[in-house]
Amino acid sequence: MRPSRRAPDELRAVSLERGIVKYAEGSCMVKFGDTHVLVTATLEERLPPWLKGQGRGWVTAEYGMLPRATLERTRREASAGKQNGRTVEIQRLIGRSLRATVDLEALGERQITVDCDVLQADGGTRTASITGAWVALADCIGWMKTRNMLKGNVLRDNVAAISCGIYNGTPVLDLDYAEDSEADTDANFVMTGDGRIIEVQGTAEKTPFSQDEFLALMALARKGVAQLVDLQKMAVA
């Protein structure tokens, strides 16, 4: 039995609320159970220096957790003078996940920066961030289209992400913290709307996992991502 009493293939309650931030070109409050992330997308008429003059744009991401997003207060990274390795890894994952389905040439010489701020953490902050980031990005691109700033289709597909793991010997979907902290194996899957894989992160925390167990996790992830993509489509419809 899972601590949450969910079925092995059951997601937490998921919500995607658009238009949360007045000033951002796109925004989304994403909730995976008790994990809550505020995502904003900002359009900037500038590019990293190494991209200038190449006729294409860029999508990047920043990620952070509020001090009391967790059970005990976490020191702000700004006060430490640098980001920690986990933060850098997650924001790079979010950025490349979004870019995988963006036509950067159709975007033009502009940059969209997606900010993911974790308000409350209960496992799966990176997967919730990616799923909500796509909604905020879609809204930003929609904002540009209404102002005739784009000619082609910039977004080629949806992007969503979900965690899976082996908990008490059973493959389960969408780990909360109680499961993630005790799982034998945990993995994160980032996929497109048509089921193609962008990235897989899998780690045996205790006991190495077999190929059959990995395939079971993959099957759960495909089911979960398909449900998330349906929710994304409903959100932006």
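Above: the structure in question.
Being a predicted model, the structure only gives us computed values, none of them experimental. Positions within a chain are numbered from 1, following the residues in the order the chain's sequence is written. Two thresholds apply to this predicted model, a pLDDT of at least 70 for residue-level local features and 80 or more for giving and counting side-chain atom pairs, whereas whole-chain, interface and lining totals are computed over all residues. Water and hydrogen atoms were dropped before computing side-chain values, which therefore reflect all heavy atoms in the structure.

A. Fine view of the sheet that holds strand β5 (residues 111-120). A sheet is described by the order of its strands in space; here five strands give the open sequence β1-β2-β3-β5-β4, paired in mixed fashion. One side of each edge strand has no neighbouring strand; the edge strands of this open sheet are β1 (14-18) and β4 (58-65). Averaged over all neighbouring strand pairs, the angle between strand axes comes to 15 degrees, with direction disregarded. Taken together, the eight bridges between β4 and β5 define a ladder with parallel strand orientation. Among the inter-strand pairings, Val-59 is bridged to a residue of β5, identified as Ile-112. Helix α2 (residues 85-99) contacts β4 and β5 of the sheet and is inclined by roughly 145 degrees relative to β4. Two residues form a contact once any of their heavy atoms are found within 4.5 Å. Axis lines are fitted to C-alpha atoms, over the contacting stretch for helices. Their N-to-C directions set the angle, which ranges from 0 to 180 degrees. A helix here means a DSSP run of H or I that spans at least four residues, while a strand means a run of E at least two residues long, and both kinds are numbered starting from the N terminus. Taken strand by strand, helix α6 (residues 211-236) contacts β1 and β2 (26-32), and its axis lies near 25 degrees from that of β1. Here a strand pair is declared whenever DSSP counts at least two bridges between the two strands.

B. The arrangement of the packing of α2 against helix α4 (residues 125-146) in detail. Contact geometry of α2 with α4 gives a least axis separation of 10 Å together with a crossing angle of 40 degrees. As judged from the angle between their axes, α2 and α4 are oblique. Crossing handedness for the pair α2 and α4: right-handed. Along the contact surface, α2 presents Arg-86, Glu-89, Ile-90, Leu-93, Ile-94, Ser-97 and Leu-98, while α4 presents Thr-125, Arg-126, Ser-129, Ile-130, Ala-133, Trp-134 and Leu-137. Angles are sorted into four bins: roughly parallel if under 35 degrees, roughly antiparallel if over 145, roughly perpendicular if 65 to 115, and oblique for all others. Helix crossings are classified by the rotation of the near helix relative to the far one: an anticlockwise turn of less than a right angle makes the crossing left-handed, while a clockwise turn makes it right-handed.

C. The sheet that holds strand β8 (residues 185-192), seen in detail. In spatial order, the strands read β7-β6-β8-β9; together these four strands make up an open sheet with antiparallel pairing. Sheet topology places β7 (170-173) and β9 (197-204) at the edges, where each strand pairs with a single neighbour. For this sheet, the mean angle separating the axes of adjacent strands, direction not counted, is 15 degrees. Relative to β8, strand β6 (residues 159-167) runs antiparallel, the two sharing eight bridges. Across the sheet, the residue bridging to Val-159 is Thr-192, located in β8. On top of the sheet, α4 reaches β6, β8 and β9; it is set at about 160 degrees to β6, its chief contact.

D. Quick look at the environment of Arg-147. Within the element layout of this structure, Arg-147 appears in the loop between α4 and β6. Pairing of N or O atoms within 3.5 Å defines a polar contact, subject to two protein rules: one partner must be a possible hydrogen donor and the other a possible acceptor, and residues neighboring in sequence count only if both atoms are side-chain atoms. Within the structure, Arg-147 has its side chain in polar contact with the side chain of Thr-146 (distance 2.8 Å).

E. Expanded view of the packing of aromatic side chains. Centres within 6.5 Å make a pair out of two Phe, Tyr or Trp rings, where for Trp the six-membered ring is used; the pair is then stacked when the planes are under 30 degrees apart, edge-to-face when over 60, and tilted otherwise. Under the defined criterion, the tally for this structure stands at two aromatic pairs. On the basis of an interplanar angle of 80 degrees and a centroid distance of 5.0 Å, the ring pair of Trp-50 and Trp-58 is categorised as edge-to-face. For Trp-50, a relative accessible area of 51% puts it in the exposed group. Where Phe-189 meets Phe-214, the ring centres are 6.2 Å apart and the plane angle is 35 degrees; that geometry is what we call tilted. Here Phe-214 lies in helix α6 and Phe-189 lies in strand β8, a separation of 25 residues in the sequence. The cut-offs for exposure are 20% and 50% of the maximum accessible area for each residue type, with area from a 1.4 Å probe on protein chains only; residues under the lower value are buried, those over the upper are exposed, and the others partly exposed. On the basis of relative accessible area, Phe-189 is assigned to the buried category, the value being 0%. Phe-214 sits in the partly exposed class, given a relative accessible area of 27%.

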